[in-house]
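Breakdown of the fold
The residues making up each chain are set out below.
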Amino acid sequence: MKLFKNLLGSVKPHFEKGGKLEKLYPAYDAFETFLFVPDHTTHKGAHVRDAIDLKRTMFMVIVALIPCLLFGMWNVGYQYHLAIGETATLVENFIFGFWKFLPLIIVSYAVGLAVEFAFAIYRGHSVNEGYLVTGLLIPLTMPIDVPLWMLAISVIFAVVIGKEVFGGTGMNILNPALTARAFLFFAYPIYMSGDKVWVHNAMVDGHSGSTILGELAASANWQSLSFNPFDMMMGTIPGSVGETSFIAIMIGALILIATGIGSWRIILSTFVGGFVMATLFNMWGANELMATPAEIHLIIGSFAFGAVFMATDPVTGSQTNRGKYIYGFLIGVFAIVIRVFNPAYPEGMMLAILLMNIFAPLVDHFVIQGNIKRRLKRANA
Amino acid sequence: MSKDIRLKKGLNINLQGEADKVYASIPRSQNFSIKPTDFHALTPKMVVKEGDKVKAGTCLFFDKYDERIRFSSPVSGEVTEIVRGAKRRIMEVKIAADSEVSYESFSLDAKASREQVIKGLLDSGVWPFIRQKPFDTIANPSDNPKAIFISTFDTAPLAPDNDFVLHGLDKEFQVGIEVIKKLTDGKVHLNVDGNTNPSKVFTDCKGVEINKISGSHPAGNVGVQVHHIDPINKGDVVWYLYPQDVLTIARLFTDGKYDVSRIVALTGSQVERPRYYRTISGASISNMISENSIKDGSNRFISGNVLTGTQISADGCIGFYDSQITVIPEGNEQEFLGWIAPGLQKFSMSKSYFSWLTPAKKYNLNTNYNGEERAYVVTGQYEKVLPMDIYPMQLVKACMIEDIDAMEQLGIYEVSAEDMALCEFVCTSKMEVQSIIREGLDLVKKECS
């Protein structure tokens, strides 16, 4: 600790006004405040402040993502060994997955943070913490074999077009992590869909790693799937790295809700919306996806992961409490609608959230108008 | 009809250093100062010069834009210094007190007409204790407010207990209330704490509406109470004052003196024996501090509470409206990886630090920001601590972009900076909410009047 302090103290003059590296001050500041909560004291307004800050908030989301991350790593190994017909121990599966997944995390953080730092230096403001979470969400929503250069491009796209052009963290309209995924999905669909990408080396070895949604879209009855509901709950199925285990996602949801970081309103209403819509489709039952029971719909694909980690992004979601119910409900509804009506790509969660990101300000607008009207009515009474 | 209002939103910050319910006696302070900066947006015009002799109740300065509003000396003595700040703005008028206080005499009759009562209050310098909402400025004597509000309890951290402070002063309080009743054609609302058993001084008070308010801070704030009892629409004015100031009015009408004696609580984690002191408004706190003892280290002295108070020096003076002094440690130290630590000693409304496991714990908070200012990211935080039907974040944003229409629509007339102090406290992005709201109010006032 003393060592860090001395080290920072010795290089600080170079970054301060008049120093050689003055322009790089935001980068220095980011490192210093990462290591030490700054010694800034209040000078106006409230003399004491809550202990929470944006770093802590983002850190708690990372903590909530850890169950998904660990399970996802293990599942990568498990699915691979299953596909090639070998048996491996729990530790072997995990270590296999760890080494496959680590490069994705490194590339995501390295590229994303480089862009963030560059913008912070260019604009002369401090580095915001938003990318700490985005940087982990992006690889978790990817297939394990996505080429690293593609990942890098999608990260750059997400940070620059998804966030920085609007002014940076807090100003963006679309969820940056989903922007990255949508970019890859539309730019390189072969690597992002079909039944050959979800298990390591499936493309090369030729073994199938079809997902539940893929099978359902190909008109398989939900009861004849190669996975039973228990697998779906546990997550021992092919899919994007972080999204397969409903249990791991729910542990994350509990952490987010218990700490007050994630909005329970959005999480709850997304599930309710999805359940209601799926139940309605059950009654219709025109194809296999429609006939799939509502509770199965909620635990397959990226529905749960999206509801817990993507829809709850406070920047791109609704900001009013009442709006959050509407926003979440409609995400659930649209996710199932897109799933059912789009046979080319049955996963609707990503598009449903991006769609509702666009409409969130409108939802808020109507909620706030209600408040304004109440006040006017009172004045005229 | 009296109301019983139960508020669910809000936040009590449990701090160490609550004042014990005992009085400590100290010699009367020699140094006093009246700070024009205590009165928002006031431009003072001096009446006295350095070296002048004054009595308690002698006019020191008046409002340049409304000469009727006068400000009096709290004690008799000599004006020693008129402290000026940037652009020659008057910051403080310092007075060295005589050993015996001599008073200007005012002959006032509590049975007089409304105009005569107002004139008496104005001439004596008691008027500034009466303030108005919206805008939190000194009441305009030409207005006729639709109601007058008195909050008999303060829910702010470590705030003095008015049940204790006004104990046994039933008669005096009632005299003051009779005078105040003359000032409005509407009702006088006396709001008592619904969480406790309030003092008879308040519950037996005659001729007023007694409303019960229960809930966490800011339930004791007048602004919150007005919102639930008789909300302010555009063009409405309500007046309000603090319980101890009702006594000042009573003393003016019974004794004919400008007597601003006041009971002040010395609180905060850095105070060895927090307790109550009998002193006078505007007195230097140095006697209190030396009678008690303050823990070592770098300390912040605040006139008022930790959320809305004003920083003063260790020999500074009590603010005009304050009846509390808080001393807390400064937080000018870096903390290694503080944002990752479990944080058992850290207080947060969120449950992101493990301190939520001990909800009854009392905290020793310092003045550290606990982070840096950021753009808005987290939503729904302000709503948890503002018990009003208002969208606080949207209102703050409207103030930031100076959109007066939006501010009016979102309820700017109903809030004060102090009502939003908790929003500032809990803000993850460390926004200066109180000054943003204050600037918003100033802008609306300037453009719409």
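The structure presented is a predicted model; accordingly, all values stated were derived computationally and were not measured.

The next thing to look at is the overall build of chain B. A count of helices and strands for chain B gives 12 helices and 21 strands. Expected size for 449 residues packed as a compact globule is a radius of gyration near 22 Å; at 22 Å, chain B falls within 12% of this value. Along the first, second and third principal axes, the C-alpha atoms of chain B reach 65 × 50 × 50 Å. Burial statistics for chain B: of 449 residues in total, 61% are counted as buried. Put simply, 69% of the contacts in chain B that link residues at least 6 apart link residues at least 24 apart. Surface exposure of chain B reaches about 17700 Å², of which carbon and sulfur atoms provide 48%.

What follows is about the nonpolar core. Phe 101, Ile 138, Phe 305 and Phe 309 of chain A are the most contacted members of the largest nonpolar core, which has 97 residues in total. The biggest single contributor to this core is helix H3 (residues 54-83) of chain A, with 13 residues. In this structure, Phe 305 of chain A is in contact with Leu 65, Cys 68, Leu 137, Leu 140, Thr 141, Gly 242, Glu 243, Ile 249 and Met 310 of chain A, ignoring residues within four places of it in sequence. Among the nonpolar cores identified, the runner-up in size contains 79 residues, and Phe 39, Val 188, Tyr 321 and Ile 325 of chain B belong to it.

Turning next to the sheet that holds strand S8 (residues 77-84) of chain B. All names here are of chain B. Pairing is antiparallel across the open sheet formed by four strands, whose spatial order is S3-S9-S8-S5. Among the strands making up the open sheet, the edge pair consists of strand S3 (31-34) and strand S5 (53-54). For S8 and strand S9 (residues 90-97), the ladder comprises seven bridges, and the chain directions are antiparallel. Looking at the pairing, Gly 77 lines up with Ala 97 of S9.

Listed by partner, the interface residues are 72 residues for chain B and 58 residues for chain A. Together, the buried faces of chain B and chain A total about 5900 Å²; carbon and sulfur atoms form 54% of this surface. The largest per-residue losses of area from chain B upon contact with chain A belong to Gln 334, Trp 339 and Arg 374 of chain B, which jointly make up 15% of the total buried on that side. Where chain B meets chain A, there are six salt bridges. Linking Glu 414 of chain B and Arg 378 of chain A is a salt bridge whose minimum nitrogen-to-oxygen distance equals 2.6 Å. Remark: the boundary between chain B and chain A carries 32 residue pairs in polar contact (both at pLDDT 80 or more). Elements supplying a minimum of two residues to the side of chain B that touches chain A: strand S18 (299-303), strand S19 (310-312), strand S21 (335-336), helix H9 (392-400), helix H10 (404-410), helix H11 (421-426) and helix H12 (433-448) of chain B.

For the rest of this paragraph, the subject is the packing of aromatic side chains. Residues and elements named next belong to chain B. Considering all chains together, one arrives at 32 aromatic pairs over all chains under this definition. These aromatic residues form a ring-pair network of at least three members: Phe 39, Phe 61, Phe 71, Phe 129, Phe 320 and Tyr 321. Across the ring face of Tyr 23, the terminal group of Arg 278 is positioned such that the distance to the ring centre comes to 4.0 Å. Above the face of the Tyr 363 ring, Lys 361 is positioned so that its terminal group lies 5.8 Å from the ring centre.

What follows covers the pattern of salt bridges. Applying the stated rule across the entire model yields 28 salt bridges over all chains. When the shortest N-O distance is used, the salt bridge between Arg 49 of chain A and Glu 424 of chain B registers 3.8 Å. Residue Arg 49 of chain A is located in the loop between strand S1 (36-37) and H3, and its partner Glu 424 of chain B is located in helix H11; the two belong to separate chains. Its relative accessible area of 2% is what places Arg 49 of chain A among the buried residues. On the basis of relative accessibility, which here comes to 1%, the residue Glu 424 of chain B falls in the buried class. Here Lys 163 of chain A ties to Glu 116 of chain A by a salt bridge, and the two come within 2.7 Å at their closest N and O atoms.

Residue and element names in this part refer to chain B. Mapped onto the elements, Thr 326 comes out in strand S20 (residues 324-329). In terms of polar contacts, Thr 326 uses its side chain to reach the side chain of Thr 267, at 3.4 Å. In this structure the side chain of Thr 326 is engaged in a polar contact, spanning 3.4 Å, whose partner is the side chain of Gln 324. The residues contacting Thr 326, other than those within four sequence positions of it, are Leu 158, Thr 267, Gly 268, Arg 300, Phe 301, Ile 302, Gly 304, Asn 305 and Val 306.

Among all residues except glycine, the phi angle is most often negative; among peptide bonds, the trans geometry is most common. All names here are of chain B. Between Lys 133 and Pro 134 the backbone carries a cis peptide bond, its omega angle lying at 0°. If you trace the backbone, Pro 134 turns up in the loop between strand S10 (131-133) and strand S11 (137-138). In this structure, Lys 87 is a non-glycine residue whose phi angle is positive, near 55°. Structurally, the position occupied by Lys 87 is in the loop between S8 and S9. The backbone of Asp 136 shows a phi angle near 55°, a positive value even though the residue is not glycine.

Attention now moves to the packing of helix H17 (residues 321-341) of chain A against helix H18 (residues 349-380) of chain A. Residues and elements named next belong to chain A. Orientation of H17 relative to H18, taken along the N-to-C sense of each, is 150°, at an axis distance of 8 Å. One finds that H17 runs roughly antiparallel with respect to H18. For the pair H17 and H18, the crossing hand works out as right-handed. Where H17 approaches H18, its residues Arg 322, Gly 323, Ile 326, Tyr 327, Leu 330, Ile 331, Phe 334, Ala 335 and Ile 338 are matched on the opposing element by Met 349, Leu 351, Ala 352, Ile 353, Leu 355, Met 356, Asn 357, Ala 360, Val 363, Asp 364, Val 367 and Arg 374.

A few words now on the packing of H9 of chain B against H12 of chain B. A pair of packed helices can be characterised by two numbers: the angle between their axes and the separation between those axes. All names here are of chain B. Running from N to C, H9 and H12 point in directions that differ by 60°, and their axes come no closer than 9 Å. Taken together, the axis directions place H9 and H12 in an arrangement best described as oblique. As for the relative orientation of H9 and H12, their crossing is left-handed in sense. On the side of H9, the interface is formed by Leu 395, Val 396, Cys 399 and Met 400, while H12 contributes Val 433, Ile 436, Ile 437 and Gly 440.

Right, let's talk about the confidence of the model for chain A for a bit. Of all residues in chain A, 95% attain a pLDDT of 70 or more, and the chain-wide mean is 86. When mean pLDDT is taken per element in chain A, helix H12 (residues 246-259) of chain A scores highest with 94 and helix H9 (residues 202-205) of chain A scores lowest with 64.

With that settled, consider the sheet that holds strand S6 (residues 59-63) of chain B. All names here are of chain B. Read across the sheet, three strands follow the order S4-S6-S7 without closing on themselves; strand pairing throughout is antiparallel. In the strand order of this sheet, the two ends are held by strand S4 (44-46) and strand S7 (66-72), each with one partner. Between one strand and the next, the sheet's axes are offset by a mean angle of 35°, whatever the strand orientation. Pairing analysis gives three bridges linking S4 to S6, with the strands arranged antiparallel. Bridging across to S6, Lys 45 finds its partner in Phe 62.

Turning to a nonpolar patch on the surface, a few remarks are in order. On the surface, Ile 161, Val 165, Phe 166, Met 171, Ile 173, Leu 355, Ile 358, Phe 359, Leu 362 and Phe 366 of chain A cluster together to form a nonpolar patch covering roughly 900 Å² of accessible area. By relative accessible area, which is 55% here, Phe 366 of chain A ends up exposed.

Another aspect to go through is the environment of Phe 61 of chain B. Residue and element names in this part refer to chain B. Residue placement: Phe 61 occurs in strand S6. For Phe 61, a relative accessible area of 0% translates into the label buried. Phe 61 sits 11 residues away from Ser 72 along the chain, and the two C-alpha atoms are 7.3 Å apart. Beyond its immediate sequence surroundings of up to four residues, Phe 61 is in contact with Ile 34, Pro 36, Leu 42, Pro 44, Lys 45, Met 46, Val 47, Arg 70, Phe 71 and Val 93.

A polar atom in the side chain of Arg 49 of chain A sits 3.3 Å from the backbone oxygen of Lys 44 of chain A. Of note is the side chain of Arg 49 of chain A, whose polar atom sits 3.2 Å from the backbone oxygen of Ala 46 of chain A. Once residues lying within four places of it in the same chain are set aside, the contact partners of Arg 49 of chain A are Thr 42 and Lys 44 of chain A together with Asn 368, Tyr 369, Asn 370, Glu 424, Phe 425, Lys 430, Met 431 and Glu 432 of chain B.

This part takes up the environment of Met 150 of chain A. Locating Met 150 of chain A in the fold gives a position in helix H6 (residues 148-160). Put simply, Met 150 of chain A and Thr 259 of chain A are 109 residues apart on the chain and 35 Å apart in space, counted from C-alpha to C-alpha.

Rules and cut-offs
- Residues numbered from 1 in each chain as written.
- Chains lettered and ligands numbered in written order.
- Predicted model: local features only at pLDDT ≥ 70, side-chain atom pairs only at ≥ 80, totals over all residues.
- Heavy atoms only, no water.
- Helix = DSSP H or I, 4+ residues; strand = E, 2+ residues; numbered from the N terminus.
- Rg over C-alpha atoms; globule rule 2.2 N^0.38 Å.
- Buried < 20%, exposed > 50% of the residue type's maximum accessible area, 1.4 Å probe, protein only.
- Contact = heavy atoms within 4.5 Å.
- Areas by Shrake-Rupley, 256 points an atom, 1.4 Å probe, with all protein chains shown as cover.
- Core = buried A, V, L, I, M, F, W, Y, C linked by side-chain atoms within 4.5 Å.
- Pairing = 2+ DSSP bridges.
- Buried area = accessible area lost by both parts, 1.4 Å probe.
- Salt bridge = Lys/Arg side-chain N within 4 Å of Asp/Glu carboxyl O.
- Polar contact = N/O pair within 3.5 Å; in protein donor to acceptor, adjacent residues only side chain to side chain.
- Phe/Tyr/Trp six-rings, centres within 6.5 Å; stacked < 30°, edge-to-face > 60°.
- Lys NZ or Arg CZ within 6 Å of the ring centre and 35° of its normal.
- Axes fitted to C-alpha atoms, helices over the stretch in contact; angles between N-to-C directions.
- Parallel < 35°, antiparallel > 145°, perpendicular 65-115°, else oblique.
- Left-handed = near helix turned anticlockwise from the far one by under 90°.
- pLDDT = per-residue confidence, 0-100.
- Patch = residues over 30% accessible without salt bridge, like charges linked within 9 Å, V, L, I, M, F, W, Y side chains within 5 Å.

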